[in-house]
Amino acid sequence: MAPIDLSIDLKFATLKNPIIPASGTFGYGEEFQEFFPLDQLGAFIMKGIYKNRRPGNRPPRIFETPSGLLNSIGLAGPGAEELKSIIRRVRKMTDTPIIVNVCGEEDEEYLEVAEIFDAMPEVGMLELNISCPNVREGGKCPAQDERHTFRLVKLIRQNTQKPLIVKLSPNVSDVPAVAVAAQEGGADAVSLVNTFLGMAVDLKTRRPVFKNIFAGLSGPAIKPLALRLVWLVAQSVDIPVIGIGGISTGRDVLDYILVGASAVQTGTINMVEPTATLRILDEIRECMAELNISNLEQIKGALEV
Ligand code: SIN
């Protein structure tokens, strides 16, 4: 059999493998360099960033559930200026593409932040975070509205040059329609899904665990839900789809590729097993050898129904 080749073609970039640690689960990359070389990754995504420093939500911010994790971080972050210095430092550690997760209170702020990082040669791509459930009342976000998604993506696309990934929400009745709106606005790829809205309650205090009442659920518990949405979206758009949701094994990665994902983002697993990427990469190779395939294109979107 030909040697195993894990590289993937996103049309706008070739990555050495399909594993991209997701925003918010991998710090700013440098924290993980002590566990394994960042060069092992396909790419990695910085924690979401606004123009100014944000303290995030009041604690508690996380709550463990069966096979999952609820979070309500509220996109805490150091602000764009500080992130620029971090990126310059991290760039010296690795050539692996750095993706900046762009946030904004309003469309104007999204644009301002996108332009700041679009101008940095150290940044490879932008991911537009229109799907965080923890910053607006009731978990609302721009990705819940097709027209807003189209308008915002178009605004960013018309004013920036770098590849633009749009991160979608599962908390909407028609995810493929929002994916199409992102594509029509000019997205180069969509990533999905962000966390599912959930909640936890405290029987003693008779109060919700989280100050915002709702929080975002991630982890293995959501994989079947996310896999379905990735499959539906992959059939609806022509741009690459990046699968996210409960990936913790090499087998999970291949499942997402089979339903049409070009690459994947790992999330919650990075918080419980910082070196998970290395294990997952080994497992992908083993699984590919068992399936007698030498590159991921051989199974991409090959699901038969
Ligand atoms: C958070 O910071 O609350 C989570 C980030 C996200 O869901 O995009």
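Figured I'd write up the structure that's included with this text. Quick caveat, the model's predicted, so the values are computed rather than measured.

1. A word on the site of the ligand
In the vicinity of the ligand, the contacting residues are K47, N71, I73, G74, L75, N129, C132, P133, N134 and N194. Separating an oxygen atom of the ligand from a side-chain N or O atom of N129 is a distance of 2.9 Å. Protein chains shield 92% of the accessible area of the ligand, which is 260 Å² for the free molecule. Here the ligand occupies the largest pocket.

2. Quick look at the pattern of salt bridges
Going through the model one piece at a time under the given rule, you end up with 12 salt bridges. A salt bridge links D145 to R147; the shortest N-O distance between them is 3.8 Å. Residue classification places D145 among the partly exposed residues on the basis of a relative accessible area of 29%. Residue R147 is classed as exposed on the basis of its relative accessible area of 65%. A salt bridge links E273 to R279; its shortest N-O distance comes to 2.8 Å. Classification of R279 by relative accessible area gives partly exposed; the value is 25%.

3. Observations concerning the packing of helix α2 (residues 107-118) against helix α3 (residues 146-159)
At a minimum axis separation of 10 Å, α2 and α3 run at an interaxial angle of 30 degrees. Taken as a pair, α2 and α3 cross one another with a handedness that is right-handed. Mapping the contact onto sequence places D107, Y110, L111, A114, E115 and D118 in α2 and H148, R151, L152, L155, I156 and N159 in α3. Looking at the contact of α2 with α3 residue by residue, the classes come out as six nonpolar, two polar and four charged.

What counts, and where the lines are drawn
- Residues numbered from 1 in each chain as written.
- Predicted model: local features only at pLDDT ≥ 70, side-chain atom pairs only at ≥ 80, totals over all residues.
- Heavy atoms only, no water.
- Near = heavy atom within 4 Å.
- Polar contact = N/O pair within 3.5 Å; in protein donor to acceptor, adjacent residues only side chain to side chain.
- Areas by Shrake-Rupley, 256 points an atom, 1.4 Å probe, with all protein chains shown as cover.
- 1 Å grid on protein atoms, 1.4 Å probe; cavity = no way out; pocket = protein on both sides within 12 Å on 5 of 7 lines; lining within 4 Å.
- Sits in = over half its atoms within 2 Å of the grid points.
- Salt bridge = Lys/Arg side-chain N within 4 Å of Asp/Glu carboxyl O.
- Buried < 20%, exposed > 50% of the residue type's maximum accessible area, 1.4 Å probe, protein only.
- Axes fitted to C-alpha atoms, helices over the stretch in contact; angles between N-to-C directions.
- Helix = DSSP H or I, 4+ residues; strand = E, 2+ residues; numbered from the N terminus.
- Left-handed = near helix turned anticlockwise from the far one by under 90°.
- Contact = heavy atoms within 4.5 Å.
- Nonpolar A, V, L, I, M, F, W, Y, C, P; charged D, E, K, R; others polar.

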